[in-house]
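Structural characterization, general
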Amino acid sequence: MKLLTYSHNGELAVGVLKKDGSQVVPVHYLGFDVKDMNAFLEQQDEEKLAKMDRNKELMQGIPVEEVQLYAPILYPKQDIICLGINYYAHAEESARFHNEAFGGDRPEPIYFAKRVNRAVGDGEYIDGHLDIVDSLDYEVELAVVIGKDAKNVQPEEVFDYVFGYTILNDMSARNLQTAHKQWYFGKSLDDFTPIGPVIVTKDEFTNPPALAIRSYINGELRQDSTTDLLINSIEKVICQLSKGMTLAAGTIIAMGTPAGVGMGFQPPKFLKKGDVVKCEIEGIGTLTNEIK
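These numbers come from a predicted model, not from an experiment. (Residues numbered from 1 in each chain as written. Predicted model: local features only at pLDDT ≥ 70, side-chain atom pairs only at ≥ 80, totals over all residues. Heavy atoms only, no water.)

**Here's the deal with the pattern of salt bridges**
Enumeration according to the criterion identifies 15 salt bridges in this entry. Here E42 and K77 are joined by a salt bridge, their closest N and O atoms 3.0 Å apart. Taken together, the positions of E42 in helix α1 (residues 37-43) and K77 in the loop between β5 (68-70) and β6 (80-84) put the pair 35 residues apart, joining distant regions of the chain. With relative accessibility at 43%, the residue K77 sits in the partly exposed group. A single salt-bridge network, built from bridges that share partners, covers K114, D137, E139, D170, R174 and K187. (Salt bridge = Lys/Arg side-chain N within 4 Å of Asp/Glu carboxyl O. Helix = DSSP H or I, 4+ residues; strand = E, 2+ residues; numbered from the N terminus. Buried < 20%, exposed > 50% of the residue type's maximum accessible area, 1.4 Å probe, protein only.)

**Structural notes on the side chain of Q44**
Relative to the helices and strands, Q44 resides in the loop between α1 and α2 (46-55). Here the side chain of Q44 touches L41 through a polar contact of 3.4 Å, landing on its backbone oxygen. Ignoring anything within four residues of it in the chain, the contact list for Q44 reads F32, L49, G147 and F163. (Polar contact = N/O pair within 3.5 Å; in protein donor to acceptor, adjacent residues only side chain to side chain. Contact = heavy atoms within 4.5 Å.)

**A few points about unusual backbone geometry**
In this structure, P208 follows N207 across a cis peptide bond, with omega equal to 5°. Locating P208 in the fold gives a position in the loop between β13 (195-201) and β14 (212-217). Residue P267 is bonded to the preceding Q266 through a cis peptide linkage, with omega at 0°. Here P267 shows up in the loop between β16 (252-254) and β17 (276-281). Unlike most non-glycine residues, D191 shows phi in positive territory, near 80°. Positionally, D191 belongs in the loop between α4 (174-180) and β13.

**Structural notes on the packing of aromatic side chains**
Counted by the stated rule, this structure contains four aromatic pairs. Ring geometry for F40 versus F163: centroids 6.2 Å apart, planes at 80°, classification edge-to-face. Taken as a pair, F40 in helix α1 and F163 in strand β11 (residues 162-169) lie far apart in primary sequence, 123 residues in all. Both residues of the pair, F40 and F163, count as buried. Between the aromatic rings of F112 and W183, the centroid separation amounts to 4.8 Å while the plane-to-plane angle is 90°, which identifies the pairing as edge-to-face. (Phe/Tyr/Trp six-rings, centres within 6.5 Å; stacked < 30°, edge-to-face > 60°.)

**Here we look at helix α5 (residues 234-242)**
Three or more residues of α5 are buried, namely I234, V237, I238, C239, L241 and S242. Packed against the buried residues of α5 are β6, β7 (110-114), β10 (140-146), β11 and β16.

**Re the side chain of K56**
Relative to the assigned elements, K56 resides in the loop between α2 and β4 (62-63). A polar contact is formed between the side chain of K56 and the side chain of D53, at a distance of 2.5 Å. Separated by 3.3 Å, the side chains of K56 and E57 make a polar contact. Ignoring any residue separated from it by four or fewer positions in sequence, one finds K56 in contact with M1, V16, L17, K18, K19, V25 and L30.

Here it is in structure tokens:
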């Protein structure tokens, strides 16, 4: 199933797409009295989802052309957990940009947090903060959405806790990353977290998913890889993190980006006003935003 956040007649709501993609069925038609995706994730379980999947095709929905899409989790409850340098080819290009040596060994994940006041949806503008950013970059990533509180998760249990997947563009100000010797500020400016267009439930994929992942700038293919090339897997990350912290329902984990980001080119290809960034992941869709 494809879950989304939308507005219709001025009201925000959570909906599910019919299989043919023509209509959005509000989840309150299907037994969920919720106003946002965080509340939906707290209420859902496997039995309720199965019933919703069956019944959504029987309901009269809203034509998709009559709704406005927003980021599926518009206001994340917590900072997003991100993985840095989780594809080998991206590790190499990052090392080149920072004039560092890359030995090819990444035994443990690199974690950092990304602060999000409001996530940006498909079709919305991104404020590039070009008054303070001279090296604006893009990073297409597979984002894992946790469906129930996860603590001390065993490897064979990991996907019991995964609700589904979406696309996240980890927008980055490389000059701020470099100046402050850490990633939090340079990745947490307002509008720096486009997410969407939908969350696709895990049952739509083989888990862990092996999906084509790409980004385009003004139609030019920049990143082109597959999600089965992660250095550190979804299973390892969730098991490791849940040993020391509770991953609450609604937690978003961004699994890192493949090679082809702007800083990886020689010379770098950073974003400017008017550039259109399109991120796509097979089976999930496309997330398109223009820099303003």
